[in-house]
Amino acid sequence: MSVTVEIPTVLRGLTDGQRAVSASGENLAAVISDVDAKHNGFADRLLDSGQLRRFINIYVNDEDVRFLQGLDTPLADGDVVTVLPAVAGG
Amino acid sequence: MRYNSLLESVGGTPLIGLPHLSPSPDVRLWAKMEDRNPTGSIKDRPALAMINQAESRGELIPGDTLLEPTSGNTGISLAMAAKVKGYRMVAVMPENTSPERSELLRMWGARIIYSSPTGGSNEAVRHAKELAEKNPDWKMLYQYGNEANWQSHYLTTGPELLADLPTITHFVAGLGTTGTLMGVGRYLKENQPQTRIIAAEPRYGEQVYGLRNLENGFIPELYDESILDSRISVGAEDAVRRTRAMLTEEGMFVGISTGAILHAALILAERAVAAGESADIALIVCDGGWKYLSSGAYAGNVEDVVKDLEDQLWA
């Protein structure tokens, strides 16, 4: 199985400038580890003591994982994982 | 309906069914028409509430200068109320917003200080906080952290919705300052606890997210994650497509952020249909389409519009 991970501009230094990378894993935590194995430092930018960092939002197929099962959110072939910094509106 | 002045006419907006966009007779969509407020957006409610609260606490006296970071609508609402009540208004707005927003702000007498397009509203907030320090006599009501913002929706928008739609099952609104979702969400959770509260969040182009450290992100102080049941990210293409669907299916001329909200509402509607459940889904029409005409969102090739919106704050 393979999922697409969309990388925000600020983290592309870790992915040789790639906007998106392919990864595999049965849940979000496993996919983050998989990306980290190829692009060292990725997990550290997203996680702090195993928790999603406060100003990072991750979406699986456009839904915020904090309202799914967080890092345990299961992933299936073809899913799209989007990583974005938190921004204001209003 | 008769009011003694423009400010008294804020709120009390109609809830209008969307029979053509609703997927089945048992799964219905309803639009709360916030474009019917005096400056044409939902922000008239929190803007007026924030000013009234500051006045009642003796924190504002006529002639004072208001300062506010805004991507447009709140600034426009504050500028209108400031004009009527005798305050000056300084709006700090990102440069990459539609030209109509600047024109409207100036029309109601506001002075605009532009913030850098890189970093979106985060940058406007940062810049406004700097200006507040340099100009201690300016009064920043600060929509992102002002309790009167969510309270205005708890006291007006929420009760209006439940009175018009006692069978409400879902409420969908834009995230923005989080004031609408926090206020209506708290009211509905208390009075109709099974209602699901869903945020539609615009997904902008890359420039808006900027290049700064992830540690410098921004979450409005008003945000309480426990009020929400789901948060759906909507890109410009889906938002524009749904904005047009409102026009072609229902004849409603709405802003692009409402297209994003409709997109999230339709996802929920389809899930309800698939689960064989009935649903009454209320969504917010934040503003009309007038401020976005220059974007070309209502005519021509969708791909071109989306490309033009890439680095704009369209919601």
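Above this text is the structure in question.
Residues numbered from 1 in each chain as written. Chains lettered and ligands numbered in written order. Predicted model: local features only at pLDDT ≥ 70, side-chain atom pairs only at ≥ 80, totals over all residues. Heavy atoms only, no water.

Which parts of the structure should I look at to understand the interface of chain B and chain A?
Interface size is commonly expressed as the accessible surface area that is lost when the partners come together. Each side of the interface is counted separately: chain B has 33 residues, and chain A has 24 residues. Here chain B packs against chain A, burying approximately 2700 Å² in sum over the two surfaces, 54% of which is carbon and sulfur. The largest contributions to the chain B side of the interface with chain A come from Glu 206, Tyr 209 and Leu 214 of chain B, which together make up 27% of the buried area. A salt bridge links Glu 63 of chain A to Arg 271 of chain B, with the shortest nitrogen-to-oxygen separation between them at 2.5 Å. Where the side of chain B that touches chain A is concerned, the elements lending two or more residues are helix H4 (120-134), strand E8 (196-203), helix H7 (206-209) and strand E9 (230-235) of chain B. The biggest single contributor to the side of chain B that touches chain A is E9 of chain B, with four residues. Per-class residue counts for the side of chain B that touches chain A are ten nonpolar, 13 polar and ten charged. (Contact = heavy atoms within 4.5 Å. Buried area = accessible area lost by both parts, 1.4 Å probe. Salt bridge = Lys/Arg side-chain N within 4 Å of Asp/Glu carboxyl O. Helix = DSSP H or I, 4+ residues; strand = E, 2+ residues; numbered from the N terminus. Nonpolar A, V, L, I, M, F, W, Y, C, P; charged D, E, K, R; others polar.)

It is not clear to me how the packing of aromatic side chains should be interpreted in this structure. Could you clarify?
To describe a pair of aromatic rings, one takes the distance between the centres and the angle between the planes. Residue and element names in this part refer to chain B. Counted under the stated rule, the structure contains seven aromatic pairs over all chains. Ring geometry for Tyr 204 against Trp 314: centres 5.4 Å apart, planes inclined by 70 degrees, an arrangement best described as edge-to-face. Taken together, the residues Tyr 204 in the loop between E8 and H7 and Trp 314 in the segment after helix H10 (302-309) connect sequence positions 110 residues apart. For Tyr 204, a relative accessible area of 9% puts it in the buried group. Aromatic rings pair up to connect Tyr 142, Tyr 144 and Phe 218 into one cluster. Looking at Arg 186, its charged tip hangs above the ring of Trp 150, at a distance of 4.4 Å from the centre. (Phe/Tyr/Trp six-rings, centres within 6.5 Å; stacked < 30°, edge-to-face > 60°. Buried < 20%, exposed > 50% of the residue type's maximum accessible area, 1.4 Å probe, protein only. Lys NZ or Arg CZ within 6 Å of the ring centre and 35° of its normal.)

Got a minute to help me understand the nonpolar core in this structure?
Inside soluble globular proteins, nonpolar side chains tend to come together where they are buried. By size, the foremost hydrophobic cluster in this structure holds 74 residues, and its most contacted members are Leu 29, Phe 171 and Leu 283 of chain B. At ten residues, the largest contribution of residues to this core is made by helix H9 (residues 256-274) of chain B. (Core = buried A, V, L, I, M, F, W, Y, C linked by side-chain atoms within 4.5 Å.)

Is there a simple way to explain the pattern of salt bridges in this structure?
Side-chain pairs of opposite charge can arise where the charged atoms are in close proximity. A complete count under the given rule lists 21 salt bridges over all chains for this structure. We note a salt bridge from Asp 34 of chain A to Lys 38 of chain A, for which the minimum N-O separation is 3.3 Å. Of the two residues, Asp 34 of chain A and Lys 38 of chain A are both situated in helix H1 (residues 28-38); the distance of four residues between them amounts to about one turn of the helix. Of the residues examined, Lys 38 of chain A reaches a relative accessible area of 52% and is grouped as exposed. Residue Arg 126 of chain B pairs with Glu 130 of chain B through a salt bridge whose shortest N-O separation is 2.6 Å. Separated by four residues within a single helix, Arg 126 of chain B and Glu 130 of chain B lie in helix H4, roughly one turn from each other. Classification of Arg 126 of chain B as partly exposed rests on a relative accessible area of 39%. What emerges from the salt-bridge pattern is a single network uniting Lys 32, Glu 34, Arg 45 and Glu 160 of chain B.

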